[in-house]
Every structure is written in C-alpha cells, then in structure tokens.
Amino acid sequence: MEKPVVGFLGLGKMGLPMSLNLVRGGYEVHGYDVVPRSLKAFASEGGKACASVHDVVRAADVLCASLPGPAEVTQVFGEVVAQEGRSGQLVIDFSTVSPQVNHRVAEALARRGIDYLGAPVSGGVERAVDGTLTVMVGGAKAAFDRAKPMLDLIGQNVFHISEDVGAGSVVKLVNNYFIGYYTLAVAEALTLAGEMGMDLEQLFSILNVSYGQSRIYERNWKLFISKDFYEPGFTTRLLIKDLHLAKDMAAAKGLELPMTDVLIGMYEKAAERGYADLDMAAMYRYIQDVKNEPRA
C-alpha cells in the first residue's frame, strides 16, 4: 500500500526530530516552521520545506503538528486547516493543550470531514531523537489505526486511551503536573544535600536504587545539573504553561489543588529572574541563587 504524504507543522526541538523519524521511515514529509534555521535543518535531512502553513495543508494526506500551545493550535487549525483542509485528511496533534481545545478543534475539523487525534507526547528531546517517546492518543479507533504506523516511528510506547479526543491531554497534563513537583523537589533536595556536605554524584548513585529514584531526578541530574548545563530540552516557560493548563482543567471540575498555586508561583518567580527559557532543571540553580541571597 502506498504511504500517505505527511505534513508537519512546527519543526522545533520536538517537532524536528519527530518529523525526521517519519522521513527515515520512508514517508514523504512536507514541513513548515516560522524559524528559518529549523526549515533548513529539516530540508537538509530529506524533508520537503514549505513556504507556509497553507502549502503544507494542501500537500498532506496526514497532517501532524507540534505547536507551542493553545493559541497556536487554535489559530492553525481553526483559521487555516478548518478552512482549507479537505475531506478525508487526518490530523495528528502532538501539541500539549487542554482537553477543551482538543474538543473545539476536533469539532471544527469534523465539519470539514477531517479526522482528528489529540496525541501529546512525553520523553523530551532525547527520546524524540531516538523515536522512543510515549504517545498518549485520544480519538476514534479507526483514525488511530490509520495513524499507528506513523506513531510507531515516533514512539516506543503508543497508547490509545479512548475515543475522547481530549483523553491524551488529560494524561499529559497529569504527567506534567508530576514533573512540576519532581523538578522542584530535586532542586530543593539536592540543595539541602549539598549544604550537608554530601557528594551529589554519590547521592545520585544511592538514591537511584532507593525509593527517592525518579526519571526526572535522573534526567535533571545526569543531563543538566551535574554538568551545570541548562540548554533547554523543556523550558521553564513551557512547564509554567502546562501547570496553568492543569490548574484550569481542575477548575473546570470544581477542584482546588492547593499545591498548584505554590508550584506556579515558584516557577514564575524563577522565570522573572531569567530562567524562563532555560531548561526546567535550572530550578536547581535558581534555588542556589535564593539560598545565597542576604536575609533581611
């Protein structure tokens, strides 16, 4: 069977490696990003760079997207794809948004005869590169089955959660809620251990086989804190966005989650101090800054 032509919107830190894994899997992939160097990198690896969103929409049988947030998703799908897309197309949206946004977009596309899957991912840039992401999919089973060969090139763990297009976003926001807790806990706990004179490398080797182990601890320590290197895989700014989305999701159900505001407040203070576009692991460095400030 001939493979569908794929379009990919958003060739950033996650979208670029995801799109290139589709290219390497034998798909013809047309892509667009507002950043010229991303387009150049995409084309240099065999992708077909397009001049606009409109060109990608016109070329694609299956349209993928990895966009920064709800505003971009609503604009691209509500103002372009829902107007110019054609019946029979499939949209796979890897962006992290709220379930409500998933539902609104799916309804707009359905009027055009376009199927939609909300399919956020987890695993960071390193797993996007090697094609081992976790993919959390909500949407019609028939659409999922159509997408599965492509999803298998992007993720090692691909879950069809339910036919609710927002189901994947629920799981992703809960996942990132955990990440918000873990990242701040790692920053504060390592600061405490350092003040007590612990060798932090030795501490990691012990806690990594103890109940204090977590993938976020491993990620933040190995890739960032131990190297004092914070070139972003996942920025503090994006984590703040996701924590707000989780808070809004809770509010829609009448829930108050007391620690949510504490977490958001801490990350927003760090963002104000210049940490917004560093990796979230830089919260460790932020806690160091706070620790070293003179007390009133």
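As the structure is a computational prediction, the values presented were derived from the model and not from experiment.

Novice: Any chance you could explain the nonpolar core here in plain terms?
Specialist: Core analysis: the biggest nonpolar cluster contains 58 residues, and Phe77, Ile92 and Phe94 have the highest contact counts within it. With sequence-adjacent residues up to four places away left out, Phe94 is seen in contact with Phe8, Met18, Cys64, Ala65, Ser66, Ala119, Pro120, Val121, Val135, Leu151 and Ile154. Grouped together as the second largest cluster of nonpolar side chains are 37 residues, Ala187, Leu190, Leu203 and Tyr267 included.

Novice: I'm lost on helix α1 (residues 15–24) in this one. Help?
Specialist: Residues separated by three or four positions in an α-helix point in the same direction, a consequence of the helix having 3.6 residues per turn. Of all ten residues in α1, nine are buried; the element is thus mostly enclosed. Within α1, the full set of buried residues consists of Gly15, Leu16, Pro17, Met18, Ser19, Leu20, Asn21, Leu22 and Val23. At the C-terminal side of α1, Gly26 shows a positive phi close to 95°.

Novice: Can you walk me through the UniProt feature "domain: 6-phosphogluconate dehydrogenase NADP-binding" (unreviewed entry) in the chain in this structure?
Specialist: Following the UniProt record, the feature "domain: 6-phosphogluconate dehydrogenase NADP-binding" (unreviewed entry) maps to residues 6–161 here. When the span residues 6–161 is considered, its composition is 47% helix and 24% strand, and the gap between its end C-alpha atoms is 23 Å.

Novice: Even after reading the chapter, I still don't get a nonpolar patch on the surface, so can you show me in this structure?
Specialist: Together, Phe159, Ile161, Val170, Val171, Val174, Phe178, Tyr181, Tyr182, Met259 and Val262 give the surface a local cluster of nonpolar side chains, amounting to about 810 Å² of exposed area. Broken down by secondary-structure element, the contributors of at least two residues to the nonpolar patch are β9 (155–162), α8 (167–195) and α12 (258–275). Top contributing element to the nonpolar patch by residue count: α8, with six residues. Turning to its location among the elements, Val170 is positioned in helix α8. Given a relative accessible area of 34%, Val170 falls into the partly exposed group.

Novice: Would you mind going over the layout of surface pockets with me for this structure?
Specialist: Once rolled over the atoms, a probe with the size of a water molecule shows which space is left empty. Considering only enclosed or pocket space, the second largest pocket measures out at about 160 Å³ in volume. Taken together, Tyr182, Ala185, Val186, Ala189, Leu190, Ala193, Leu203, Leu207, Gly212, Ser214 and Tyr217 make up the lining of the second largest pocket. At the level of elements, α8 and α9 (200–207) are the ones that each hand at least two residues to the lining of the second largest pocket. A total of six residues in the lining of the second largest pocket trace back to one element, the largest contributor, which is α8. Looking at side-chain class alone, the lining of the second largest pocket contains nine nonpolar, two polar and no charged residues.

Novice: I'm lost on the packing of aromatic side chains in this one. Help?
Specialist: In this description, a pair of aromatic rings is defined by centroid distance and the angle of the planes. All told, the structure shown has six aromatic pairs when counted by the stated rule. With a centroid separation of 5.7 Å and an interplanar angle of 25°, the aromatic rings of Phe178 and Tyr182 are classed as stacked. One end of the pair is Phe178 and the other is Tyr182, both in helix α8 and four residues apart, which spans about a single turn. Phe178 sits in the partly exposed class, given a relative accessible area of 45%. Seen from their ring centres, Tyr275 and Tyr286 are 5.8 Å apart, and the 75° between their planes marks the pair as edge-to-face. Placement of the pair is Tyr275 in helix α12 and Tyr286 in helix α13 (residues 283–292), with a sequence separation of eleven residues. Neither residue differs from the other here; Tyr275 and Tyr286 are each classed as buried. The aromatic ring of Tyr27 is capped on one face by Lys3, whose charged end is 4.9 Å from the ring centroid.

Novice: Explanation requested: the environment of Gly180 in the structure shown.
Specialist: Relative to the elements of secondary structure, Gly180 occurs in helix α8. Residue class for Gly180 comes out buried when judged on its relative accessible area of 0%. Sequence spacing of Gly180 and Ala281 is 101 residues, and the spatial spacing of their C-alpha atoms is 10 Å. Setting aside chain neighbours within four positions, we find Gly180 in contact with Leu239, Leu263 and Tyr267.

Novice: I'm lost on the domain arrangement of the chain in this one. Help?
Specialist: Bring the parts together and some accessible area is lost; that lost area is often taken as the interface size. Split into domains, the chain comes out as domain 1 (6–162) and domain 2 (170–292). Facing 17 residues of domain 1, the contacting portion of domain 2 comprises 17 residues. With both sides pooled, the region where domain 1 packs onto domain 2 buries about 1200 Å², and carbon together with sulfur makes up 63% of that total. In this assembly, domain 1 and domain 2 are joined by five residue pairs in polar contact (both at pLDDT 80 or more). Looking at the side of domain 1 that touches domain 2, the elements with two or more residues in it are α5 (99–110), β7 (121–122) and α6 (124–130). Here the element with the most residues in the side of domain 1 that touches domain 2 is α6; it accounts for three residues. Partitioned by chemical class, the residues of the side of domain 1 that touches domain 2 number nine nonpolar, five polar and three charged.

About the criteria used
- Residues numbered from 1 in each chain as written.
- Predicted model: local features only at pLDDT ≥ 70, side-chain atom pairs only at ≥ 80, totals over all residues.
- Heavy atoms only, no water.
- Core = buried A, V, L, I, M, F, W, Y, C linked by side-chain atoms within 4.5 Å.
- Buried < 20%, exposed > 50% of the residue type's maximum accessible area, 1.4 Å probe, protein only.
- Contact = heavy atoms within 4.5 Å.
- Helix = DSSP H or I, 4+ residues; strand = E, 2+ residues; numbered from the N terminus.
- UniProt positions renumbered as here; feature names shortened; annotations may be inferred.
- Patch = residues over 30% accessible without salt bridge, like charges linked within 9 Å, V, L, I, M, F, W, Y side chains within 5 Å.
- Areas by Shrake-Rupley, 256 points an atom, 1.4 Å probe, with all protein chains shown as cover.
- Salt bridge = Lys/Arg side-chain N within 4 Å of Asp/Glu carboxyl O.
- 1 Å grid on protein atoms, 1.4 Å probe; cavity = no way out; pocket = protein on both sides within 12 Å on 5 of 7 lines; lining within 4 Å.
- Points joined across faces, edges and corners; volume = space filled by probe spheres on them.
- Nonpolar A, V, L, I, M, F, W, Y, C, P; charged D, E, K, R; others polar.
- Phe/Tyr/Trp six-rings, centres within 6.5 Å; stacked < 30°, edge-to-face > 60°.
- Lys NZ or Arg CZ within 6 Å of the ring centre and 35° of its normal.
- Domains from an automatic or database assignment.
- Buried area = accessible area lost by both parts, 1.4 Å probe.
- Polar contact = N/O pair within 3.5 Å; in protein donor to acceptor, adjacent residues only side chain to side chain.

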